[in-house]
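A structural walkthrough
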Amino acid sequence: MALYTEDQKRILKTLYPNDFEDYDIILRTLDKVIEKEVLPRAEEVDGEKIFPKEGMDTLFEEGLVSMSFPPEYGGLGLPYPVYIACMELVSKACASTSISLAIHSTVCEGLRLFASEELKKTWLLEKGLLEGRSLAAFALTEPGCGSDAGAIRTKARLEGDEYVIDGTKTFITNAGVADVYFVFALTDNGPTAFLVEADRPGLSIGKDIPKVGVKGTKTGEVIFEDCRIPSSNLVGTEGKGFKHAKEMLNRGRLTIGVLSVGIAQAALEKALRYSKERKAFGTPISSFQLTQEKFANMVTEINAARLLTYYAASLKEQGVPFASEAAQAKLFASEASVRACDNTIQVLGGYGYADEYDVHRHWRDAKLMTIGEGSSEILRLLIAHMALKAV
Ligand SMILES: Cc1cc2nc3c(=O)[nH]c(=O)nc-3n(C[C@H](O)[C@H](O)[C@H](O)COP(=O)(O)OP(=O)(O)OC[C@H]3O[C@@H](n4cnc5c(N)ncnc54)[C@H](O)[C@@H]3O)c2cc1C
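Conventions and cut-offs
- Residues numbered from 1 in each chain as written.
- Predicted model: local features only at pLDDT ≥ 70, side-chain atom pairs only at ≥ 80, totals over all residues.
- Heavy atoms only, no water.
- Pairing = 2+ DSSP bridges.
- Helix = DSSP H or I, 4+ residues; strand = E, 2+ residues; numbered from the N terminus.
- Axes fitted to C-alpha atoms, helices over the stretch in contact; angles between N-to-C directions.
- Parallel < 35°, antiparallel > 145°, perpendicular 65-115°, else oblique.
- Left-handed = near helix turned anticlockwise from the far one by under 90°.
- Contact = heavy atoms within 4.5 Å.
- Buried < 20%, exposed > 50% of the residue type's maximum accessible area, 1.4 Å probe, protein only.
- Disulfide = S-S within 2.5 Å.
- Expected span 1.5 Å × (residues − 1).

Another aspect to go through is the pairing of strand 7 (residues 219-230). Bridge count for strand 3 (residues 162-173) against strand 7 is 9 bridges, and the pairing is antiparallel. Counterpart to Ile172 in the pairing with strand 7 is Gly220. Relative to strand 7, strand 6 (residues 203-208) runs antiparallel, the two being bridged by 4 bridges. Paired with Leu203 across the bridge in strand 7 is Phe224.

For the pair helix 5 (residues 80-93) and helix 8 (residues 241-277), interaxial distance at closest approach is 7 Å and the crossing angle is 45°. Between helix 5 and helix 8, the crossing angle belongs to the class labelled oblique. Regarding helix 5 and helix 8, the two cross each other, and that crossing is right-handed. Contacts between helix 5 and helix 8 involve Tyr80, Tyr83, Ile84, Met87, Glu88, Ser91 and Lys92 from the former and Arg251, Leu254, Thr255, Val258, Leu259, Val261, Gly262, Ile263, Gln265, Ala266 and Glu269 from the latter.

With that out of the way, let us pick up the side chain of Ser100. Within the secondary structure layout, Ser100 lies in helix 6 (residues 95-114). Judged by its relative accessible area of 0%, Ser100 falls in the buried class. Those residues in contact with Ser100 that sit more than four places away from it in its chain are Phe51, Met56, Thr173, Asn174 and Thr217.

Evaluated as defined, the whole model comprises 0 disulfides. We note that Cys108 lacks a disulfide partner, and the nearest cysteine sulfur, in Cys86, lies 16 Å from it. Cys227 provides the cysteine sulfur closest to Cys145, a residue in no disulfide bond, and the two sulfurs are 19 Å apart.

This part is about helix 9 (residues 289-318). Taking 1.5 Å per residue, 30 residues should reach 44 Å; helix 9 reaches 43 Å between its end C-alpha atoms and fits that length. Trailing helix 9 by a residue or two, Gly319 shows a phi angle of about 80°, which is positive.

This is how it looks when you write it as structure tokens:
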């Protein structure tokens, strides 16, 4: 299955008529790598709950995470929509791999935007976050709150030139496999971001959380008990932690949008192929108009989701506000992806529901996209709030 689609090519060509050939080569090269190294293991990664380290390492080697970072960080400075297009390919093959990489990349971006030069040098370069020599996690959610981030209870108190962190984070992607955690905790000045190395005394990994989908990812609790970090591990400004988190989540939402598109595209193609082979009442099921209605809706919604996502990514690239568009892209793409995967199961009938057909994976993976990094409900509130504010 070729992962790189004509629809992607057309959008990139429209966005970058002069440089399209260069970007097209990058996408075609990555397509081959993913097809060889990531796709063949995706079913096993899901079924056996294997953390997809090998596939991730291959993609790091291909420069996937660093490609949109400026050259001073070893990146290629490529436009953000090109990175987004690459992430669509990864997600189409294996959503567990794409989610683990996406969260890691969100932390890299948070460091680039808000961290001191010293932290950037240490983590982005020396410890090789962008090259995949280290792995990062983003720790905001707590047992008592997810959507309502203002209710976090993890505390960080300043003692001399150290912060002492106490509290529990949960549902943390890459928990236990990350080398560093981007943690949000309350100081006297309000919510604040910190970088906490995984081997700091006082940091421990709590229970692993078994899940419905993205089963290859690690999701778990991260516990801080009297965990001391140097004050230089503060990221950004004390009290501005949520402002930093919001900016990181805007980027994260673009990524979740495109991961949703990749999952939906994989499901669509499986449904199309199956419908031509499977016969009922003496004819392929693809000939039934009720089946075709499903395909028409899927194709239209996936393309709309892709356009919205790549458009929001191009706004980010231009340096103009894109918070509402990122939220719209994530909201629409994640819900469209769930509908597409649901339709695929329906088209495959009983086989769609059977374990042996690898379509339920997409259905289970897609559902997460409507919950993490701002649930559909929270995003609707945000989009409406911004629309009302604009008039
Ligand atoms: C697999 C997975 C990976 C994750 N990875 C990470 C990670 O790496 N780092 C991290 O920090 N977090 C992570 N999360 C947590 C995720 O961000 C939260 O689950 C999400 O923000 C929702 O929070 P919640 O689960 O506490 O739901 P709640 O906030 O309790 O919400 C429950 C329901 O109520 C709705 N709701 C809440 N408030 C309102 C409102 N005002 N109006 C209408 N409806 C409302 C929600 O939309 C939802 O439907 C992950 C979650 C999962 C499942």
